[in-house]
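Residue strings, one per chain:
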Amino acid sequence: MAEAGSFADKVKQQADIVRVVGEYVRLKKTGKDFSGLCPFHQEKTPSFTVSPSKQIFYCFGCGKGGDVYNFVMDMEKCEFPEAVKVVAEKCGIAVPRQKERSPEERKENQQRSVLVEMHREAQTFFVKQLEGTLEGKAARAYLEDRGLDKDAISRFGIGYAPSGGDALLSRLKSKYNEKLLVDSGLVSRDQSAGRLFDRFRRRITFPISNESGKIVAFGARALGDDMPKYLNSPETPIYSKSNVLYHMDRAKEALRRQDFAILVEGYMDAIAVARAGISNVVASCGTSLAEPQIKLLGRFTRRVIVNYDPDTAGQAATERSLSLLLERDFEVRVLALPPVGDKKADPDLFIRERGKEEYLKLLKEAPPYVDYLIARARQMDLTTGEGKQRALNFLLPYIQKIPNGIMRSEWATRIAQQLRIDEPLLRSALSKAAKERRSEITTRPELIGRAAKPVERRLIRMLAEAQGFRQELAKHLLDAHLYHGLETEKIFAALVIASLSGQPVQATEVGAVLEERDRRLLFEILFEEANEPTWEEAMSCVEALRHRQAEQELADVQRSIEANPAAPELRGLLEKKQQLMRRLAAAR
């Protein structure tokens, strides 16, 4: 990277890699080298080594290695030119001045500096309004009611914009001209009268900082019933909503250290999670992520837990964000919080009502995005072929965004199991859609919706007609819960009850307690041509259901393992997985 004789080469020759690395890692001298805990992966025993003589580093655990520039690029998530500048500054080496800026560039740079200063002054003003006025007292009462004490208010720089409409304007207009005032986004202009007024009025303010910690915008929540409830700064020369993540300036180190981010929607959610001791949280402050925000996040981690609000808008935002994250090859999990009482719970409400320990527990158990989306698809009407086709078309765009063929295959298996669709048929439909570059399944709905596999149909027929052993067969099915979760579960349940009664099974009576779709399927099965049933055939069918049940259980255990549970739970899951695999192998 560093060409001989270049400035980068000069810096590399003068830099002390031990000194630079030592600012990030606690190093201990071990012989002629230095060692410490690797910053690139979790470990308890040091396997990270720095060689002062060779000016290189290497981790014997994860395999990361290189020179001082490689180290800084990985730690700071920056490109080579920026790494050269960082190392030079750390070593006290003067960085050559860049080429002279044009007059336009100097003017734009000066304007940005002034706008940053205006936001710093606005922040001081809003904080004083919250702390020292009667209106501010009412705002503090609201914040306290939301669980924010004085320390939290100070920690997150929360302030208050008074209701007058020109308090901030009066403070700023003596120092800044009208154009700067309007360009800042802190002041608005009345389009009819042309007068200036404060953009934020009677609102609690949340400073929004860029990655380096400079305040570049504000989010503001109405204290009363004013609409909109939340009002943000407009786009300005120093603020673009799609380029900034709230709390990123505070979360950077935790993101590097823990290598995953919790993504929430709003300021209060981010604050609540951070106060719960989870620093690696950022908020998109909008309905969904934008590509520049994802690129920013990717500089620090490629693992994300999405925890948006559970309402309709939040679900839509989750799904849009998933699409973008998957395209960027992020590893994604989704935390959908359960309701608190009769209220849908966002992170702020959940933590206040149920506590941080319960939130942490659910966070650790957050399922992979696959399971979240399948659960969403299962909320659709799956009683018809058309309904299943709609569910598949909901899932298909996400499948097509997965670059890994093995993962796509895993998707197909899970979808087939969860939606009760014939797997070969599903794989054929997915393959056809991929080849034709379509975003929807066009297989005939009656094929997708084909109810009851042959084994299920045969057992239903036996329960209805096998006079000699149907009661014993019903006991087998009931005791092992073998029909639970099947698409034909309600038919089995009705027939098992009828068989255990000891009375002859009357198809019309069984059909009378079923819904129309299940009743029609029952009679369709009863009119199929079939051989005389035997007990041996019945037990073979029962064993087939046991095998399918074990496969489903194994899939559930594997998903639980992928959710990275705590060590004791993980050991139990691994033991259960081995038992199930042995059981399935023995049945082959």
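What counts and how
Residues numbered from 1 in each chain as written. Predicted model: local features only at pLDDT ≥ 70, side-chain atom pairs only at ≥ 80, totals over all residues. Heavy atoms only, no water. Core = buried A, V, L, I, M, F, W, Y, C linked by side-chain atoms within 4.5 Å. Buried < 20%, exposed > 50% of the residue type's maximum accessible area, 1.4 Å probe, protein only. Helix = DSSP H or I, 4+ residues; strand = E, 2+ residues; numbered from the N terminus. Contact = heavy atoms within 4.5 Å. Axes fitted to C-alpha atoms, helices over the stretch in contact; angles between N-to-C directions. Parallel < 35°, antiparallel > 145°, perpendicular 65-115°, else oblique. Left-handed = near helix turned anticlockwise from the far one by under 90°. Nonpolar A, V, L, I, M, F, W, Y, C, P; charged D, E, K, R; others polar. Phe/Tyr/Trp six-rings, centres within 6.5 Å; stacked < 30°, edge-to-face > 60°. Pairing = 2+ DSSP bridges.

Engineer: What is the right way to look at the nonpolar core in this model?
Structural biologist: Ranked by size, the top nonpolar core spans 67 residues in total, and within it I158, I204, Y246, I262 and Y359 carry the most contacts. In terms of residue count, helix 11 (residues 267–275) provides more of this core than any other element does, seven residues in total. For I204, the residues in contact, after removing those within four places along its chain, are A139, Y142, L143, I158, G159, Y160, G219, A220, R221 and L223. Core analysis: the second largest hydrophobic core is formed by 47 residues, L289, L326, F330 and L396 among them.

Engineer: When you look at the packing of helix 17 (residues 385–400) against helix 18 (residues 405–419) in this model, what are you seeing that I'm missing?
Structural biologist: Between two packed helices, the angle of one axis relative to the other and the distance separating the axes together describe the packing. Where helix 17 meets helix 18, the closest approach of the two axes is 12 Å, and the angle between their N-to-C directions is 160 degrees. Regarding the angle of helix 17 to helix 18, the classification is roughly antiparallel. Where helix 17 crosses over helix 18, the handedness of that crossing is right-handed. On the side of helix 17, the interface is formed by K388, A391, L392, L395, Y398 and I399, while helix 18 contributes R408, W411, I415 and L419. A per-class count over the contact of helix 17 with helix 18 returns eight nonpolar, no polar and two charged.

Engineer: Looking at this structure, I do not really get helix 4 (residues 80–90). What am I missing?
Structural biologist: In an α-helix, one turn spans 3.6 residues; hence positions three or four apart end up facing the same way. Of all the positions in helix 4, only F80, A83, V84, V86, V87, A88 and K90 are classed as buried. Contacts made by the buried residues of helix 4 are with helix 1 (7–14), helix 2 (17–22) and helix 3 (68–76). Downstream of helix 4 by one or two residues, G92 has phi in the positive range, about 70 degrees.

Engineer: Help me out: how do you make sense of the packing of aromatic side chains in this one?
Structural biologist: Throughout the structure, instances matching the rule amount to 18 aromatic pairs. Their ring planes at 90 degrees and their centres at 5.1 Å tell us that F126 and F218 sit as a pair that is edge-to-face. With F126 in helix 5 (residues 103–132) and F218 in strand 10 (residues 215–222), this pair connects stretches of sequence that are 92 residues apart. Both residues of the pair, F126 and F218, belong to the buried class. An angle of 10 degrees between the planes, with centres 5.2 Å apart, marks the rings of F206 and Y267 as stacked. In this pair, F206 is assigned in strand 9 (residues 203–209) and Y267 in helix 11, connecting sequence segments 61 residues apart. Among the aromatic residues, those joined into a ring-pair cluster are Y24, F40, F48, F57 and F71.

Engineer: Sorry if this is basic, but what is going on with the sheet that holds strand 11 (residues 230–232) here?
Structural biologist: The strands that make up a sheet are held in pairs by hydrogen bonds between backbone atoms, and each pair lies either parallel or antiparallel. Pairing within the open sheet is antiparallel, and its four strands lie in the order 6-9-10-11. Of all strands in the sheet, those bounded by a partner on one side alone are strand 6 (159–161) and strand 11. Neighbour to neighbour, the strand axes of the sheet diverge by 35 degrees on average, direction disregarded. Sheet topology note: the strand 9/strand 10 ladder contains seven bridges and is antiparallel. In the sheet register, P207 faces strand 10, and the bridge partner there is F218.

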